[in-house]
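# Observations on the model geometry
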Amino acid sequence: MQFTPDDVAKIAKLARLSLPDEKLAAFAGQFNDILGYMEELGQADTAGVEPLYSPVENASALREDVVRKDFDRAEILANAPRTDGTFFIVPKIV
Amino acid sequence: MSDLTSLTLTRLRDELAAGRTTAAQAVDACLDRIAATEPRLSALLAVPADEARAQAQALDAAGPDPKQPLWGVPLAIKDVICTKNLRTTCGSRILENFVPPYDAFVIKKLREAGAVIVAKANMDEFAMGSSTENSAFAPTRNPWDTERVPGGSSGGSAAAVAARQAFGALGTDTGGSIRQPASFCGCVGLKPTYGRVSRFGCVAYGSSLDQIGPLARTVGDCAAILQAIAGHDPADSTSADRPVSDYQAAIQSRTDLGGLRIGLPAEYWGEGLDPEVEAACRGAIAAAEKLGATPVPVALPHTRYAVATYYIVAMAEASSNLARFDGVRYGFRDTEAQELIDMYVASRSKGFGDEVQRRIMLGTYVLSAGYYDAYFRKAAQVRRLIRQDFLTAFASCDVIAGPASPVPAWKLGSLTADPLQMYLMDIFTISLNLAGLPGLCLPAGLGRDSGLPVGLQLFGPAFSEDLLLSVAAQLESALPGLGEPRGLA
């Protein structure tokens, strides 16, 4: 497909981004180049090939389900843009 | 000696252990060198001088500890690796003020080994890039020619090591981000087998590809750092629960390359290779032959799909991993937005740079309904074929060798307008990450025309770091050294 700036804006929305018009236009051209190049993959014969999603294919390591305290609340809240000392504070949701 | 920083890491370690110099002197030597070179390089994002001096004084007060193999050794850490109470930015505005409340596994291991962190190293934002020009703070410059890039994304780590700002560094390698900057800056870089080094506390980019590894000025120095950071970590479910080899012993056990079969993949030695890169790398292969190695032709036929496969996988994983940056728990928040979703959008749009936004969006696209099978699943299938190529090749050779990059370091700004052209430069490094295998890049020589460093890569089977280090050490001693970086003269 040929990407238009509108298409890029739709993807941006899915990714929780909002871009100015000039960037939408620039990205549209670059996306066409990049995804056009990726179409080469269509030539690879992958019939019957299992996808490989990770070099470690059995990574479901289990551990004991025990309670641990690694951090104090204050340490975790220290990097937050806004807190009330107990919770993360965000703008209203609805 | 006039300048401690001229010593290799292993030599410094011995001097420190013998009490012939102090941790404070080693740290001060690095800080002096940083002061002298950093204005021309922008290799570093933070220099915690007071903390480093205090740590060195504490070490000196206690005296050398034979149980701490990096006792008093100053190192630089790529700024994607979390350091407790020390800002970790990932080269991004969105994490400009992020101070981790914990140390990454590798940092914990380095501290236990007695190492001192003298700097956090510059990088492409979230490790996305091949030139360190995508740093939100400043592009790093190559110590061999400050008009040129140091490679990326661990360009700050490589430049710092080459410029002797630190005795070694940690980088991360998702698609070549340790090996390619090592090549461009003339140092040694090792990407371990996926799972050899814990990723706990390394800010994730492509989780199935990322691996932390050392950059240093010699093969032995890399071995010393890897020895300290390798090992099982229950906090990383992909971390390998298997013994760590004695890398120094592996290096010492080899006196030549007799019997070693070096696979030369046609796909890495043909079309598109800069002539001076080819000449330097062929020179290194000739040196290996003199040491008794036998070159054998091998094929990695799916190499032609590697760039497309890699970028689909990496961008998909990036879009998922970077969803966590939402301005709630850490990082930059846009305070003008009145509603939650608007706050997410504004924070991410202002906090992330162009390349990060590009990769998040392309990753979002290839994972979206209707395109998943054509892109992401297809790439994962080709990924298995790429890995199979390596397994097949290793049936007829012990290691594989090829250039780390088709060209030497390019000029700043020359590829930034065309992202695809920059991606294509990764052709020789990315397959290894898709396969999860280890690779080492060492200096092959200087380009005959450019005078810039050229790196040769060695690939090995899973968990063959000991083999790669021992082979590389032989080559290193047979090849003429590169000398001092010319851009700092």
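Here the structure is a predicted model, which means the values were calculated and not measured.

## Focus on the overall build of chain A
- For chain A, the count of helices and strands is three helices and zero strands.
- In sequence order, chain A lays out its α and β elements as α-α-α.
- Since a compact globule built from 94 residues should have a radius of gyration of about 12 Å, the 22 Å found for chain A marks it as more spread out than a globular shape.
- Seen through its C-alpha atoms, chain A measures out along the principal axes to roughly 50 × 40 × 25 Å.

## Let's talk about helix α12 (residues 354–367) of chain B
- If you check α12(B), its first and last C-alpha atoms are 20 Å apart, about what 14 residues at 1.5 Å a residue would give, namely 20 Å.
- For α12(B), the buried fraction is high: twelve of the 14 residues fall into the buried class.
- For α12(B), the set of buried residues is B:Glu355, B:Val356, B:Gln357, B:Arg358, B:Arg359, B:Ile360, B:Met361, B:Leu362, B:Gly363, B:Thr364, B:Tyr365 and B:Val366.
- In the core, the buried residues of α12(B) are packed alongside α1 (5–14) and α2 (21–38) of chain A together with α10 (306–321), α11 (340–351), α13 (373–393) and α14 (419–424) of chain B.

## Remarks on the nonpolar core
Residue and element names in this part refer to chain B.
- One finds Leu-70, Phe-126, Met-361, Phe-390 and Leu-456 to be the most contacted residues of the largest nonpolar core, which totals 177 residues.
- Tallying contributions element by element places α10 first for this core, with eleven residues.
- With residues up to four places along the chain from it excluded, the contact list for Leu-70 reads Leu-9, Leu-75, Leu-110, Ala-113, Gly-114, Ala-115, Ala-224 and Ala-228.

## A short note on the confidence of the model for chain B
- Averaged over all residues, the pLDDT of chain B is 97; the fraction at 70 or higher stands at 100%.
- On the interface metric, ipTM, the complex scores 0.96, and its pTM is 0.98.

## Here's the deal with the pairing of strand β10 (residues 439–446) of chain B
All names here are of chain B.
- Among the eight residues in β10, seven count as buried, and that is most of the element.
- Bridge count for strand β5 (residues 188–191) against β10 is three bridges, and the pairing is antiparallel. Bridge pairing in β10 links Lys-191 to Gly-439.
- In terms of strand pairing, β10 meets strand β11 (residues 453–459) through seven bridges, oriented antiparallel. Note on β11: the bridge partner recorded for Leu-440 is Leu-458.
- In sequence, β10 turns back onto β11 through a hairpin of six residues, with Gly-451 there showing a positive phi of about 70 degrees.

## As for the environment of B:Ser153
Residues and elements named next belong to chain B.
- By the secondary structure assignment, Ser-153 is in the loop between β3 (116–121) and α5 (155–162).
- Along the primary structure Ser-153 and Ser-177 are separated by 24 residues, whereas in three dimensions their C-alpha atoms are 4.8 Å apart.
- Not counting chain neighbours up to four residues away, the residues in contact with Ser-153 comprise Lys-78, Asn-122, Met-123, Asp-124, Ala-127, Met-128, Gly-129, Thr-132 and Ser-177.

## Observations regarding the pattern of salt bridges
- Tallied over the entire structure, the rule returns 24 salt bridges over all chains.
- For B:Asp3, the salt bridge goes to B:Arg164, with nearest N and O atoms at 3.2 Å. With a gap of 161 residues between them, B:Asp3 in the segment before α1 (9–17) and B:Arg164 in the loop between α5 and β4 (168–172) connect regions that are remote in the sequence.
- Take B:Arg164: its relative accessible area is 9%, and that puts it in the buried class.
- One continuous salt-bridge network, built from bridges that share partners, spans A:Glu57, B:Arg384 and B:Arg387.

## What to know about the side chain of B:Ser368
- You can see B:Ser368 is positioned in the loop between α12 and α13.
- Engagement of the side chain of B:Ser368 in a polar contact is seen with the backbone oxygen of B:Tyr365, the distance being 2.6 Å.

## With respect to the pairing of strand β7 (residues 261–265) of chain B
All names here are of chain B.
- Here β7 lies mainly inside the structure; four of its five residues are buried.
- For β7 and strand β8 (residues 294–298), the ladder comprises five bridges, and the chain directions are parallel. In the sheet register, Arg-261 faces β8, and the bridge partner there is Thr-294.

## Re the packing of aromatic side chains
Residue and element names in this part refer to chain B.
- As enumerated under the stated definition, the model contains 20 aromatic pairs over all chains in all.
- Ring centres of Tyr-310 and Tyr-311 lie 4.8 Å apart, and the angle between their planes is 90 degrees; this geometry places the pair in the edge-to-face category.
- Relative accessible area serves as the criterion here: at 3%, Tyr-310 is assigned to the buried category.
- Judged by its relative accessible area of 2%, Tyr-311 is buried.
- Between Phe-325 and Phe-352, the aromatic rings sit 6.2 Å apart at their centres with planes inclined by 90 degrees, giving edge-to-face as the arrangement.

## A look at the interface of chain A and chain B
- At the interface, 52 residues of chain A touch 67 residues of chain B.
- For the pairing of chain A and chain B, the buried interface totals around 5300 Å² over both sides, and the portion due to carbon and sulfur atoms is 67%.
- Scanning the region where chain A abuts chain B turns up four salt bridges.
- Between B:Arg384 and A:Glu57 there is a salt bridge, with the nearest N and O atoms lying 2.8 Å from each other.
- Taken together, the connections running from chain A to chain B amount to 22 residue pairs in polar contact (both at pLDDT 80 or more).
- Mapped onto the side of chain A that touches chain B, the elements with two or more residues apiece are α1, α2 and α3 (73–77) of chain A.
- The dominant element in the side of chain A that touches chain B, judged by the number of residues it contributes, is α2(A), at nine residues.
- For the side of chain A that touches chain B, the per-class residue count stands at 34 nonpolar, seven polar and eleven charged.

Here is what the cut-offs are and how they apply
- Residues numbered from 1 in each chain as written.
- Chains lettered and ligands numbered in written order.
- Predicted model: local features only at pLDDT ≥ 70, side-chain atom pairs only at ≥ 80, totals over all residues.
- Heavy atoms only, no water.
- Helix = DSSP H or I, 4+ residues; strand = E, 2+ residues; numbered from the N terminus.
- Rg over C-alpha atoms; globule rule 2.2 N^0.38 Å.
- Expected span 1.5 Å × (residues − 1).
- Buried < 20%, exposed > 50% of the residue type's maximum accessible area, 1.4 Å probe, protein only.
- Contact = heavy atoms within 4.5 Å.
- Core = buried A, V, L, I, M, F, W, Y, C linked by side-chain atoms within 4.5 Å.
- pLDDT = per-residue confidence, 0-100.
- Pairing = 2+ DSSP bridges.
- Salt bridge = Lys/Arg side-chain N within 4 Å of Asp/Glu carboxyl O.
- Polar contact = N/O pair within 3.5 Å; in protein donor to acceptor, adjacent residues only side chain to side chain.
- Phe/Tyr/Trp six-rings, centres within 6.5 Å; stacked < 30°, edge-to-face > 60°.
- Buried area = accessible area lost by both parts, 1.4 Å probe.
- Nonpolar A, V, L, I, M, F, W, Y, C, P; charged D, E, K, R; others polar.

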